[in-house]
Amino acid sequence: MLEDTEWLSDFAFFTDLLCHNLSVKMQGKNQFIDDIWAHLKAFKLKLNLFAGQLAKNDLSHFSRLISIPSVNEEKLKNYEDGLKKLHFEFEHRFQDFSAIQTELDIFTTPFNVNCEAVDQICSLN
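Report on the accompanying structure. As the structure is a prediction and not an experimental result, all values here were calculated from the model.

The next thing to look at is helix H5 (residues 73-93). At 3.6 residues per turn, the α-helix brings residues three or four places apart onto the same side. Here H5 spans 30 Å end to end across 21 residues, near enough to the 30 Å set by a 1.5 Å rise per residue. Each element contacted by the buried residues of H5 is listed here: helix H1 (5-19), helix H3 (33-55) and helix H4 (63-66). Capping the start of H5, Asn 72 holds a side-chain oxygen 3.3 Å from the backbone nitrogen of Glu 74, two or three residues further along.

What follows deals with the environment of Trp 7. Relative to the helices and strands, Trp 7 resides in helix H1. Other than its neighbours up to four places away in sequence, Trp 7 contacts Met 1 and Leu 2.

What follows concerns H3. Its 23 residues give H3 an end-to-end C-alpha distance of 33 Å, which sits within 8% of 33 Å, the value for a rise of 1.5 Å per residue. Taken residue by residue, H3 has Asp 34, Ile 36, Trp 37, Leu 40, Phe 43, Lys 44, Leu 47, Phe 50, Ala 51, Gln 53 and Leu 54 as its buried positions. Just beyond H3, the residue with positive phi is Asn 57, at close to 60 degrees.

Applying the stated rule across the entire model yields nine aromatic pairs. Centroid distance Phe 13 to Phe 14: 5.2 Å. Interplanar angle 70 degrees. Geometry classified as edge-to-face. Exposure remark for Phe 14: the relative accessible area of 47% places this residue in the partly exposed category. Pairing Phe 50 with Phe 62 gives two aromatic rings, centres 5.4 Å apart and planes at 70 degrees, and the pair type is edge-to-face.

A few words on the nonpolar core. One finds Phe 13, Leu 54, Phe 62, Leu 65 and Leu 83 to be the most contacted residues of the largest nonpolar core, which totals 21 residues. Elements with a minimum of two residues in this core: H1, H3 and H5. Among the elements that line this core, the one with the most residues is H3, at eight residues. In this structure, Leu 65 is in contact with Ser 9, Ala 12, Phe 13, Asp 16, Leu 59, Val 71, Leu 76 and Tyr 79, ignoring residues within four places of it in sequence.

Looking now at unusual backbone geometry. Within the chain, Asn 57 stands out as a residue other than glycine whose phi angle is a positive 60 degrees. Locating Asn 57 in the fold gives a position in the loop between H3 and H4. What makes Asn 57 partly exposed here is its relative accessible area of 42%.

Rules and cut-offs
- Residues numbered from 1 in each chain as written.
- Predicted model: local features only at pLDDT ≥ 70, side-chain atom pairs only at ≥ 80, totals over all residues.
- Heavy atoms only, no water.
- Helix = DSSP H or I, 4+ residues; strand = E, 2+ residues; numbered from the N terminus.
- Expected span 1.5 Å × (residues − 1).
- Contact = heavy atoms within 4.5 Å.
- Polar contact = N/O pair within 3.5 Å; in protein donor to acceptor, adjacent residues only side chain to side chain.
- Buried < 20%, exposed > 50% of the residue type's maximum accessible area, 1.4 Å probe, protein only.
- Phe/Tyr/Trp six-rings, centres within 6.5 Å; stacked < 30°, edge-to-face > 60°.
- Core = buried A, V, L, I, M, F, W, Y, C linked by side-chain atoms within 4.5 Å.

As far as function goes, none of this settles anything; it's purely spatial.
Here's what the structure looks like:
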């Protein structure tokens, strides 16, 4: 396997992706829902950034993948598509958080929240 450049490039890509690990940031005590939501949003932004960079053959966030000499454009396109699918899955699975974004904003940035929106939220509960 260590001589198969296809396998090595896949391995390098996934290793690089795991270095930008989301689960480590979500583990631990004393995290509020807005902290977890911020980690999720940041990871989704990273997925978009990485997909866009791969589309331009920019491997700056993929230090292990860049060390594989024969990664072709088709392989990079597959990785880009995989990142886009992963982003879609995150959007889909965490859509409930997006739906309560205004409520979460009350806790994260209370001075930037529209007062009328707060009144509507409080009257719904």
